[in-house]
Amino acid sequence: MGAADAFLPLPSSLGLQNLELVGPPGAGKTTICRELIAHHGAAAPKPRLRRLQHAPRFVVTAVPLLPRIARRMPWEKAVTVLYLEVLAQVLERPRAVDAELCVFDQGPVYHLATIAAPGPMIAVPERLGSWWKDSLDRWASLLSLIVRLDADDAALIERIDARERWHYLKGASEAAVSRELAGTRALYDRLVTELARRPGGPDVVRFDTSVEAVDEIVDHLEMLTTRNPARSRGR
């Protein structure tokens, strides 16, 4: 998306729009997700894959899939593969979400990143090679917009340490956190580039949450995802 087109509305003829907020810990994903859903007027959170409601779909998907991928592969990654398959199936159904916009704060990009190994190139288990390519193609077509959120390391470290809940980086040394943040950014950069470069892939916008306020970011995202965005909501 070019600079001149950065805040032009996305095409509305595609039906449900799927937006994912992507960024390192402390970037503001949860806060912006909550505020966008609250003020958008036609947005909803990601669908919950409920055990009873979606159990048949999980079983039908798992039977042919897991024997091909689970052996010699960490179980948690195999479960993530299954989750992504079922989530895509749910989103491909008409009226999967009773809204115009589905907002993810831990969505397909986040889960794909947990499967890939860190490093200069995206690396996935050999057994997942064909699935990985097909999954990237599938999610490129399902995601309408990826919102890259970030801030400088000092701001992220301050936010992480201020969390009430446990986080694996909370209280770690600045050097250790900065290394982890750099690796996370690099992995997300490569994944988002892979998705955006595919035919019909998502648009990508970026925000520095240490510079831009939450309400300003939400306003921009409303302009992108609604035909007649509210110009002022009195916030």
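See the structure shown above.
Residues numbered from 1 in each chain as written. Predicted model: local features only at pLDDT ≥ 70, side-chain atom pairs only at ≥ 80, totals over all residues. Heavy atoms only, no water.

Since there are 3.6 residues in each turn of an α-helix, residues three or four apart along the chain are aligned in direction. Under the 1.5 Å per step criterion, the end-to-end length of helix H1 (residues 29–40) is 16 Å for twelve residues, consistent within 8% with the ideal 16 Å. Contacts made by the buried residues of H1 are with strand E1 (17–22), strand E2 (43–45), strand E3 (101–104), strand E4 (145–150) and helix H8 (214–225). (Helix = DSSP H or I, 4+ residues; strand = E, 2+ residues; numbered from the N terminus. Expected span 1.5 Å × (residues − 1). Contact = heavy atoms within 4.5 Å.)

For the rest of this paragraph, the subject is helix H7 (residues 174–196). Here H7 is 23 residues long and its end C-alpha atoms lie 32 Å apart, about the 33 Å a rise of 1.5 Å per residue gives. Residues of H7 that are buried: Val177, Leu181, Thr184, Arg185, Leu187, Tyr188, Arg190, Leu191, Val192 and Leu195. Where H7 is buried, its residues contact E1, helix H4 (108–115), helix H5 (129–142), E4, helix H6 (153–161) and strand E5 (203–208). (Buried < 20%, exposed > 50% of the residue type's maximum accessible area, 1.4 Å probe, protein only.)

Any two side chains of opposite charge can pair, given that their charged atoms come close. One pass over the structure, following the stated rule, counts ten salt bridges. Residue Arg198 is joined to Asp137 by a salt bridge in which the shortest nitrogen-to-oxygen separation is 2.5 Å. On the criterion of sequence distance, the pair formed by Arg198 in the loop between H7 and E5 and Asp137 in helix H5 is long-range, its members being 61 residues apart. Overall, the relative accessible area of 15% leaves Arg198 in the buried class. Exposure remark for Asp137: the relative accessible area of 31% places this residue in the partly exposed category. (Salt bridge = Lys/Arg side-chain N within 4 Å of Asp/Glu carboxyl O.)

At a minimum axis separation of 11 Å, helix H3 (residues 75–92) and H5 run at an interaxial angle of 35 degrees. Viewed along their axes, H3 and H5 form a crossing whose handedness is left-handed. Between H3, through Val81, Leu84, Glu85, Leu87, Ala88, Gln89, Leu91 and Glu92, and H5, the contact on the second element is made entirely by Trp131, Arg138, Trp139 and Leu142. Its residues placed into classes, the contact of H3 with H5 shows eight nonpolar, one polar and three charged. (Axes fitted to C-alpha atoms, helices over the stretch in contact; angles between N-to-C directions. Left-handed = near helix turned anticlockwise from the far one by under 90°. Nonpolar A, V, L, I, M, F, W, Y, C, P; charged D, E, K, R; others polar.)

So, on to the environment of Leu82. Counting through the fold element by element, Leu82 comes out in helix H3. Considered as a pair, Leu82 and Ala62 are 20 residues apart in the sequence and their alpha carbons are 6.6 Å apart. Dropping the residues within four chain positions of it, Leu82 is found in contact with Phe58, Thr61, Ala62, Leu65 and Leu66.

Our focus in this paragraph is the nonpolar core. With 42 residues, the main nonpolar core has Val109, Trp131 and Trp139 as its most contacted residues. Listing elements by their share of this core, those giving two or more residues are helix H2 (51–69), H3, E3, H4, H5 and H7. The greatest single-element share of this core, amounting to ten residues, is contributed by H3. Residue contacts for Val109: discarding those within four places in its chain leaves Glu20, Val22, Leu143, Ile146, Tyr188, Leu191, Val192 and Leu195. Counting 26 residues, the second largest nonpolar core, distinct from the first, contains Leu21, Val103, Leu149 and Ala151. (Core = buried A, V, L, I, M, F, W, Y, C linked by side-chain atoms within 4.5 Å.)

Time to look at the packing of aromatic side chains. Going through the model one piece at a time under the given rule, you end up with one aromatic pair. Between Trp131 and Trp132 the ring centres are 6.4 Å apart and the planes differ by 55 degrees, which places this aromatic pair in the tilted class. Trp132 shares its class with Trp131; the two are buried. (Phe/Tyr/Trp six-rings, centres within 6.5 Å; stacked < 30°, edge-to-face > 60°.)

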